[in-house]
Amino acid sequence: MQQTIHIKDKRFRTFIPEADILREVRRVAEEINRDMAGKNPLFLSVLNGSFMFTSDLMKCLDIPCEVSFVKLASYEGTSSTGKVKELVGLNEDISGRTVVIVEDIVDTGLTMKRLIETLEAKSPKEVRIATLLVKPEKLQVKLHIDYAAMEIPNDFIVGYGLDYDGLGRNYRDIYAVTD
Ligand code: 5GP
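These numbers come from a predicted model, not from an experiment. (Residues numbered from 1 in each chain as written. Predicted model: local features only at pLDDT ≥ 70, side-chain atom pairs only at ≥ 80, totals over all residues. Heavy atoms only, no water.)

Engineer: Account for the site of the ligand, with residues named and values stated.
Structural biologist: If you check the shell around the ligand, you find 15 residues, and the closest are Thr108, Thr111, Lys135, Ile157 and Asp163. In this structure, an oxygen atom belonging to the ligand sits 2.4 Å away from a side-chain N or O atom of Thr108. The separation between an oxygen atom of the ligand and a polar side-chain atom of Thr111 is 2.4 Å. Considered on its own, the ligand offers 520 Å² of accessible surface; in the complex 81% of this is hidden by protein. When atom positions are compared with the pocket grids, the ligand is found to occupy the largest pocket. Elements supplying a minimum of two residues to the shell around the ligand: strand E6 (98-106) and helix H3 (110-120). (Near = heavy atom within 4 Å. Polar contact = N/O pair within 3.5 Å; in protein donor to acceptor, adjacent residues only side chain to side chain. Areas by Shrake-Rupley, 256 points an atom, 1.4 Å probe, with all protein chains shown as cover. 1 Å grid on protein atoms, 1.4 Å probe; cavity = no way out; pocket = protein on both sides within 12 Å on 5 of 7 lines; lining within 4 Å. Sits in = over half its atoms within 2 Å of the grid points. Helix = DSSP H or I, 4+ residues; strand = E, 2+ residues; numbered from the N terminus.)

Shown next as structure tokens:
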């Protein structure tokens, strides 16, 4: 059922219901179960946005694997690039390991590209990407996205872990902004 919610100054309408999300998460999990069998992968969940996706994805995995949580902390860089995102919270030694980044959404792809570069410097065996959502029209960099649950247009969305100004992460469905 279509539902409208209000968060601060914005209105959002149901865009992807929970049942559809979970069906696609299960599909991606089956691909991962098949591809990652015997690799003992380390899933690196990028907080905050991916907490719900990570939880549902992990519940569908039946291979030996580990999960850990990292954050990308923004700080004002001194270089001309302005904002820089630094990886915090990675305590595991990833050298020689298969790492699967678990993200909420790939928009321009700049965050993901930077994250991959940071991880590659630590000599993993391979780094793969699993994302709940991709906005293909917005992608600015070349990225090989191994596992994507859903592709969406350019709308700004909230729910299922994603926020607007800190709010809205708790909703089971995904909502798109209407104005
Ligand atoms: P990128 O570097 O790919 O442009 O940005 C990725 C990050 O931007 C995501 O991890 C997410 O935090 C945020 N983001 C991009 N699009 C959306 C959106 O539609 N809704 C929300 N809530 N966050 C978004």
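Engineer: Could you give an account of the packing of aromatic side chains, naming the residues involved and the relevant values?
Structural biologist: In this structure the tally under the stated criterion is four aromatic pairs. On the basis of an interplanar angle of 65 degrees and a centroid distance of 5.3 Å, the ring pair of Tyr171 and Tyr175 is categorised as edge-to-face. In this structure Tyr171 comes out as partly exposed when scored by relative accessible area, which is 27%. (Phe/Tyr/Trp six-rings, centres within 6.5 Å; stacked < 30°, edge-to-face > 60°. Buried < 20%, exposed > 50% of the residue type's maximum accessible area, 1.4 Å probe, protein only.)

Engineer: Lay out the sheet that holds strand E2 (residues 10-16) with the relevant residues and their values.
Structural biologist: With respect to topology, four strands assemble into an open sheet ordered E1-E2-E10-E9, the strand pairing being antiparallel. Either end of the sheet is taken by a strand with one partner, and the two such strands are strand E1 (4-7) and strand E9 (157-158). Pairing analysis gives two bridges linking E9 to strand E10 (residues 174-177), with the strands arranged antiparallel. Its bridge partner being in E10, Ile157 is matched across the sheet by Ala176. (Pairing = 2+ DSSP bridges.)

Engineer: How would you sum up the layout of surface pockets? Please name residues and give values.
Structural biologist: Taken as a whole, the largest pocket spans an internal volume of roughly 590 Å³. Along the wall of the largest pocket there are 24 residues; nearest its centre are Lys85, Glu103, Asp104, Ile105 and Thr111. Ranked by residues supplied to the lining of the largest pocket, first place goes to E6 with four residues. Among the residues making up the lining of the largest pocket, the classes are represented as ten nonpolar, seven polar and seven charged. (Points joined across faces, edges and corners; volume = space filled by probe spheres on them. Nonpolar A, V, L, I, M, F, W, Y, C, P; charged D, E, K, R; others polar.)

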